[in-house]
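What follows is each chain in one-letter form.
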Amino acid sequence: MTEAWDAAVEAQIRGAVQRGEFDNLPGMGKPIPGRGTAYDESWWIKSFLEREKLPSDLLLPTPLQLRRRIEQVPDEVRDLPTEQSVRDFVGQLNTQIVAWLRNPEGPRVAVRPVNADEVVRRWRAERTRPEATATGTDPAATVTGPAIAPARRARRSWWLRWRRRG
């Protein structure tokens, strides 16, 4: 039965070649993509993401996706026009975070809701920064910059002294 099946398939292929159905196929005369490279089990996922122009973050587990989004909040809210739109964005992100915290899936990664007031404060500071540089004042010389650095140094030195004892 196998020989009869093979003969029927070969006959169909020969007929298609004679009719010209294999002429001018896309990729004809080009090398096979990926030939000569090591085998990758997830080649089809990578090719799908590349073909559809999707970010590779979609492959991450939910808590890591949320952490990545939390890290990107300042960049994402930078161009929002109003404070309410910034709060809405943070509210939607916090809704997703709380939903994950209620029913965690995947690896245990610490994910906390974003403080909307802190994001709005940074958003306001970011919007006023170009005005400060236009007037000639140096934003690096503000009170917040140097005041934070010595406090951090003091904490580090205490921590290092405590560590050296043990």
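Every value quoted in this text rests on a predicted model; they were computed, and no experiment measured them.

Calculation notes
- Residues numbered from 1 in each chain as written.
- Predicted model: local features only at pLDDT ≥ 70, side-chain atom pairs only at ≥ 80, totals over all residues.
- Heavy atoms only, no water.
- Helix = DSSP H or I, 4+ residues; strand = E, 2+ residues; numbered from the N terminus.
- Buried < 20%, exposed > 50% of the residue type's maximum accessible area, 1.4 Å probe, protein only.
- Contact = heavy atoms within 4.5 Å.
- Axes fitted to C-alpha atoms, helices over the stretch in contact; angles between N-to-C directions.
- Parallel < 35°, antiparallel > 145°, perpendicular 65-115°, else oblique.
- Left-handed = near helix turned anticlockwise from the far one by under 90°.
- Patch = residues over 30% accessible without salt bridge, like charges linked within 9 Å, V, L, I, M, F, W, Y side chains within 5 Å.
- Areas by Shrake-Rupley, 256 points an atom, 1.4 Å probe, with all protein chains shown as cover.
- Salt bridge = Lys/Arg side-chain N within 4 Å of Asp/Glu carboxyl O.
- Core = buried A, V, L, I, M, F, W, Y, C linked by side-chain atoms within 4.5 Å.
- Expected span 1.5 Å × (residues − 1).
- pLDDT = per-residue confidence, 0-100.

Peer 1: In this structure, what is going on with the overall build of the chain? I would like to understand it.
Peer 2: Across its full length, the chain carries 7 helices and 0 strands. Mapped in sequence order, the helices and strands of the chain form the string α-α-α-α-α-α-α. Out of the 166 residues in the chain, the part that is buried amounts to 13%. Considering only contacts within the chain whose residues lie at least 6 apart along the sequence, 53% involve residues at least 24 apart.

Peer 1: Mind showing me how you'd approach the packing of helix α3 (residues 62-71) against helix α5 (residues 83-102) here?
Peer 2: What describes two packed helices is the angle between their axes and the distance between those same axes. Following both chains from N to C, one finds α3 and α5 inclined at 160°, their axes separated by 11 Å at the closest point. The angle between α3 and α5 falls in the class roughly antiparallel. In the crossing of α3 with α5, the sense of the turn from one axis to the other is left-handed. Side by side, α3 and α5 meet where Thr62, Pro63, Leu66, Arg69 and Ile70 of the first sit next to Phe89, Leu93, Gln96, Ile97 and Trp100 of the second.

Peer 1: Explanation requested: a nonpolar patch on the surface in the structure shown.
Peer 2: Among the surface-exposed residues, Trp5, Val9, Ile13, Val17, Phe22, Leu25 and Met28 lie close enough to one another that they form a single nonpolar patch of about 700 Å² accessible area. Relative to the assigned elements, Val9 resides in helix α1 (residues 2-19).

Peer 1: Quick question: what am I supposed to make of the nonpolar core here?
Peer 2: Among soluble globular proteins, nonpolar side chains are generally buried collectively. Residues Val77 and Val119 are the most contacted members of the largest nonpolar core, which totals 15 residues. At the level of elements, α4 (73-77), α5 and α6 (116-135) are the ones that each hand at least two residues to this core. No other element matches α5, which puts 6 residues into this core. Not counting the four nearest positions on each side in its chain, Val77 is found in contact with Val86, Phe89, Val119 and Trp123.

Peer 1: Sorry, what's going on with unusual backbone geometry here?
Peer 2: Glycine aside, the phi torsion of most residues is negative, and most peptide linkages are trans. For Asn24, which is not a glycine, the phi torsion comes out positive at approximately 55°. Given a relative accessible area of 71%, Asn24 falls into the exposed group. Unlike most non-glycine residues, Lys53 shows phi in positive territory, near 55°. In this structure Lys53 comes out as exposed when scored by relative accessible area, which is 72%.

Peer 1: Whenever I open this one, the side chain of Asn94 confuses me. Can you help?
Peer 2: As for its placement among the helices and strands, Asn94 is situated in helix α5. With residues near it in sequence (within four places) discarded, Asn94 still touches Pro113 and Val114.

Peer 1: What should I look at first to understand α5 in this one?
Peer 2: Turn by turn, an α-helix covers 3.6 residues, leaving residues three or four places apart pointing in a common direction. When the terminal C-alpha atoms of α5 are compared, their 28 Å separation across 20 residues agrees well with the 28 Å that a helix rising 1.5 Å per residue should span. Every buried residue belonging to α5 is among Ser85, Val86, Phe89, Val90, Leu93, Asn94, Ile97 and Trp100, and all of these are buried.

Peer 1: Whenever I open this one, the pattern of salt bridges confuses me. Can you help?
Peer 2: Where charged atoms of side chains with opposite charge meet at close range, the side chains can pair. Overall, the coordinates contain 11 salt bridges when judged by the stated rule. In this structure, Arg124 engages Glu83 in a salt bridge whose closest nitrogen and oxygen atoms are separated by 2.3 Å. Of this pair, Arg124 sits in helix α6 while Glu83 sits in helix α5, and the two are 41 residues apart along the sequence. Beyond isolated ion pairs, a larger network of salt bridges with shared partners links Glu83, Arg87, Asp117 and Arg124.

Peer 1: Can you walk me through the confidence of the model for the chain in this structure?
Peer 2: Atomic detail in the predicted coordinates should be set aside for any region of low pLDDT. On average, residues of the chain carry a pLDDT of 80, and 77% of them reach 70 or more. Looking at the elements of the chain, mean pLDDT is at its lowest for helix α7 (residues 144-165), recorded as 46, and at its highest for α5, recorded as 94. Segment residues 141-159: pLDDT under 50, and 1 contact once partners within four positions in sequence are set aside and those in other chains are kept.

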